[in-house]
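# Observations on the three-dimensional arrangement
Listed here are the chains, written in short residue letters.
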Number of protein chains: 2
Amino acid sequence: MSQQVTRVSLRDVQRPVAGELEQVVLELRRVIAADFPSVSEVNDHLLQMKGKLFRPTLLLLSHQAAGSKDPRAVTLAAVVELIHLATLVHDDSVDHSVLRRGLPTINALFSHQIAVIMGDYLYSRAIIELVRLDDHEALRVLARVTNEMTVGEMRQLEAHDKLAYGEGAYDALIRAKTASLLSGACEVGALTAPANFRQALARFGMLLGMAFQITDDLLDYTEPEAVTGKPSGLDLREHKVTLPLIAALARMPAEGRTVVAELMDAAEPGDDLVAEVIRLVEGAGGLGTARQRALDLAQQAEAELDVLPASPARDALQGSIAYAVERRS
Amino acid sequence: MSQQVTRVSLRDVQRPVAGELEQVVLELRRVIAADFPSVSEVNDHLLQMKGKLFRPTLLLLSHQAAGSKDPRAVTLAAVVELIHLATLVHDDSVDHSVLRRGLPTINALFSHQIAVIMGDYLYSRAIIELVRLDDHEALRVLARVTNEMTVGEMRQLEAHDKLAYGEGAYDALIRAKTASLLSGACEVGALTAPANFRQALARFGMLLGMAFQITDDLLDYTEPEAVTGKPSGLDLREHKVTLPLIAALARMPAEGRTVVAELMDAAEPGDDLVAEVIRLVEGAGGLGTARQRALDLAQQAEAELDVLPASPARDALQGSIAYAVERRS
């Protein structure tokens, strides 16, 4: 993959599975349906918040690209989105976030209590559905992934010494927090395919997921709130150390490190301080290094697709890499 | 079952499965083990908090009483306790409880965030273990139960009009919140037994669980803090409407209802007001009615055991009923 990647819209990526994605939304609605009014009320809000269905897209494209024809694929795609949704509901609650995809979060609109309980509700519904499908392997992959995501969340809370947080710890974090579910989605899509397709797609999803998260962490430095829907520099405000900062700190002069330390010590760092650290990170080449790492991972992800026969779905998976690293929000 | 039930110690109930219960603790430790330090730290605290293992006891007694010899029983018992533990961690977080079994809760000792994440960690570990055991039926039962418990928690948050909260809603609440897991424990213990044993034990667990929860709700009215480990009248302070109050309200004169309404309107009702409502509930026969309901359910539970052959395990299950309705903490 060259350094100049053509921007690919998610719509293009989703084209080979557009019809199935419509069914995914219906399946999602069916799987979470409740006969208790206050649960239904939260569900209605969640369905409005429904995102871009990137994980179901990857599952269905992997399924198609691997030549599988499992009638359960649409439901599995809905379950993967449901697990993602359950995670978001708990994450927003843990992070006290108030907005998600332009809508109030469950904790903001209802309450913290309801967010915790409804996250559990959604996750247990996903398990019930997997048991109903009698898909032991999908259950095995997704239970492992869900557990990895919780360890990723614990990793995120750790990091006592912010300035010593290294690339190894960051890699472990983004694998667990983000890439594991993208990898699981790709792998589950190819469970009935030959083992070499399944393994290649699992690795593809992991590499793609890491590139996706690094890009996310870069957007926090580069894009204004109007584009991403969240304040620029939010990670820094919340003292989250991501790759741009890690890469920059390795080359930053002592004065710069002192400013970063000041930000990490401030309970609520001011706009000027955040802006200064962003400039320092850029000046020390942190953005460029992180960008290069995302592109390297993208290239490795692309190589994993070589084992698959040529098809519109394989092209779309290739397009999903460009989408992941070139998106602006 | 007569009105005068002999008090039975939990130790007596546990005797036929005492050896297996020791293994349950080891299995629990194995299943939740983590190679990430901050997860291990929380795990160590959770293992100290380990309760009376009432649910594993029921599973193992059901297993033995139904004549089963499934080598997975000990691990299944550990998984049931693990699901219970995950629920407690989230419940304490949702309720902002600071003490559980005489030890600080996870939310109090670590943080609210860690409690939410670690509840998810424990639950996903339980699922991983069930998948590893390849016990599809156990997974089916326990996934359904876990989902029912979340709906029970949502029911608990509901109840806008406290004085109109009726026995039907209360029944649905205690079934979902408490009895479903006791029923699931008994049923999972008997999964490899004949269908009539399995079904009878599932019903037994449901009836026992309802009697257990009503007794719990009664203890909140009758026992001092020194005995139960939580302040007397805590449910009233938290505006939780339970059977003693529901039963009393049905017969309470208008003046009494006004006092109850006053308590429900007070953000933090004072000790005097709580004590007055407790007296009103007792005076209107609320405690007696609730006690009678628990005993009726206990009798129905006992009748379900008739289908099982006589054995020390069956006697112990009978003893567990007496334990459930006669305990003081």
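Scoring rules and cut-offs
- The numbering scheme is per chain: residues are counted from 1 as the chain's sequence reads.
- Going through the entries in the order they are written, you letter the chains from A and number the ligands from 1.
- Note on the predicted model: pLDDT of at least 70 is required for a residue's local features to be given, and 80 or more for side-chain atom pairs to be given and counted; whole-chain, interface and lining totals, by contrast, use all residues.
- Numbered from the N terminus, helices here are DSSP runs of H or I no shorter than four residues, and strands are runs of E no shorter than two.
- The atom set for the radius of gyration is the C-alpha atoms, and the globule formula is 2.2 Å times the number of residues raised to the power 0.38.
- Here a residue counts as buried when 20 or more other C-beta atoms fall within 10 Å of its C-beta, as exposed when 12 or fewer do, and as partly exposed in between; the C-beta atoms come from the backbone.
- Working definition of a contact: two residues with C-beta atoms, positioned from the backbone, lying within 7 Å.
- Residues are sorted three ways: Asp, Glu, Lys and Arg are charged, Ala, Val, Leu, Ile, Met, Phe, Trp, Tyr, Cys and Pro are nonpolar, and all the rest, Gly among them, are polar.
- Alignment of the copies relies on least squares applied to C-alpha atoms, considering only residues that score at least 70 for pLDDT in both.
- Joined through C-beta atoms within 7 Å, a set of buried Ala, Val, Leu, Ile, Met, Phe, Trp, Tyr and Cys residues constitutes a nonpolar core.
- Only the stretch in contact is used when fitting a helix axis, every axis being a line fitted to C-alpha atoms; angles between N-to-C directions are given from 0 to 180 degrees.
- Throughout, the term roughly parallel applies to angles under 35 degrees, roughly antiparallel to angles over 145, roughly perpendicular to angles from 65 to 115, and oblique to all others.
- Handedness of a helix crossing follows the sense of rotation of the near helix relative to the far helix, less than a right angle counterclockwise being left-handed and clockwise being right-handed.
- A helix is expected to reach a length of 1.5 Å times the quantity of its residues less one.
- Note that the arc is defined by the directions from the helix axis to the C-beta atoms.
- pLDDT runs from 0 to 100 and stands for how confident the predictor is about each residue.

## What to know about the overall build of chain A
- Within chain A, the secondary structure is distributed over 17 helices and two strands.
- In terms of C-alpha radius of gyration, chain A reaches 20 Å, essentially the compact-globule figure of 20 Å for 329 residues.
- On the principal axes, the C-alpha backbone points of chain A span a range of 60 × 50 × 30 Å.
- Relative to its full complement of 329 residues, chain A shows a buried share of 52%.

## Examining the interface of chain B and chain A
- Across the contact, 32 residues belong to chain B and 31 residues belong to chain A.
- At 13 residues, helix α8 (residues 136–157) of chain B tops the list of elements feeding residues into the side of chain B that touches chain A.
- Here the residues of the side of chain B that touches chain A are counted per class, giving 16 nonpolar, nine polar and seven charged.

## Quick notes on the environment of R203 of chain B
- Mapping R203 of chain B onto the fold places it in helix α10 (residues 195–222).
- On a C-alpha basis, the gap between R203 of chain B and A179 of chain B in space is 9.8 Å, while along the polypeptide they are 24 residues apart.

## A closer look at the relation of the copies chain B and chain A
- Structural alignment of chain B on chain A gives an RMSD of 0.0 Å, achieved by rotating through 180° and translating 0.0 Å along the axis. Overall, the copies show the geometry of a two-fold rotation axis. When C-alpha positions in chain B are compared against the rotation axis, the closest is assigned to V116 of chain B, at 3.5 Å.
- When the interface residues of chain B are mapped onto chain A, 97% of them again fall at the interface, so both copies present the same face.

## A few points about the nonpolar core
- Core analysis: the largest hydrophobic core is formed by 220 residues, its most contacted members being A211 of chain A together with A211 of chain B.
- Aside from chain neighbours lying at most four places away, what touches A211 of chain A is A294, L297, A298, A301, A324 and V325 of chain A.

## Some points on the packing of helix α10 (residues 195–222) of chain A against helix α16 (residues 286–304) of chain A
Residues and elements named next belong to chain A.
- Here α10 crosses α16 at 160°, and the two axes come no closer than 8 Å. As judged from the angle between their axes, α10 and α16 are roughly antiparallel. α10 and α16 meet at a crossing whose hand is left-handed.
- Per-class residue counts for the contact of α10 with α16 are 15 nonpolar, three polar and five charged.

## Some thoughts on unusual backbone geometry
Residue and element names in this part refer to chain B.
- Although it is not a glycine, L53 adopts a positive phi angle of roughly 55°.
- For L53, the position within the fold is in the loop between α3 (37–49) and α4 (54–65).
- A positive phi angle is found at D134, which is not glycine, with a value near 60°.
- As for its placement among the helices and strands, D134 is situated in the loop between α7 (112–133) and α8.

## Focus on the packing of helix α2 (residues 18–32) of chain A against helix α4 (residues 54–65) of chain A
All names here are of chain A.
- In the contact formed by α2 and α4, the axes pass within 10 Å of each other and the chain directions differ by 130°. Considering their axes alone, α2 and α4 lie oblique with respect to each other. At the point where α2 passes α4, the crossing takes the right-handed sense. Along its contact with α2, which presents E20, L21 and V24, the element α4 presents P56, T57 and L60.
- Within the contact of α2 with α4, the residues separate by chemical class into four nonpolar, one polar and one charged.

## Focus: helix α15 (residues 271–283) of chain A
All names here are of chain A.
- With 13 residues, α15 should reach 18 Å at 1.5 Å per residue; the first-to-last C-alpha distance of 18 Å fits that figure.
- Looking only at α15, the buried set comprises V277, I278, L280 and V281. Mapping the buried residues of α15 onto a view down its axis gives an arc of 160°, with all of them on the same face. Among the exposed residues of α15, those oriented more than 90 degrees off its buried face are D271, D272 and R279.
- Where α15 is buried, its residues touch α10, α12 (234–237), α13 (243–249), α14 (254–265) and α16.

## What to know about the environment of S311 of chain B
Residue and element names in this part refer to chain B.
- Structurally, S311 is set in the loop between α16 (286–304) and α17 (312–326).
- Residue S311 is classed as partly exposed on the basis of its 15 C-beta neighbours within 10 Å.
- A sequence separation of 294 residues divides S311 from V17, and the C-alpha atoms of the two residues are 13 Å apart.

## Some points on the confidence of the model for chain A
- Here chain A shows a mean pLDDT of 92. Residues at 70 or above account for 95%.
- At the low end of the mean pLDDT range in chain A sits helix α11 (residues 225–228) of chain A, at 64; at the high end sits α4 of chain A, at 98.

## Looking at α16 of chain B
All names here are of chain B.
- The terminal C-alpha atoms of α16 lie 28 Å apart, and with 19 residues this matches the ideal 27 Å at 1.5 Å per residue to within 8%.
- Taken as a whole, α16 has its buried residues at G286, L287, A290, R291, R293, A294, L297, A298, A301 and E304. Viewed end-on, α16 has its buried residues packed into an arc of 155°, placing them on one side of the element.
- At its buried positions, α16 is contacted by α10, α13 (243–249), α15 (271–283) and α17.

## Remarks on the environment of E129 of chain A
Residues and elements named next belong to chain A.
- Within the element layout of this structure, E129 appears in helix α7 (residues 112–133).
- E129 sits in the buried class, given 23 other C-beta atoms within 10 Å.
- Expressed as a C-alpha distance, the spacing of E129 and T75, which sit 54 residues apart in the sequence, is 8.3 Å.
- Apart from residues no more than four positions distant in its own chain, E129 is found in contact with V31, T75 and V79.

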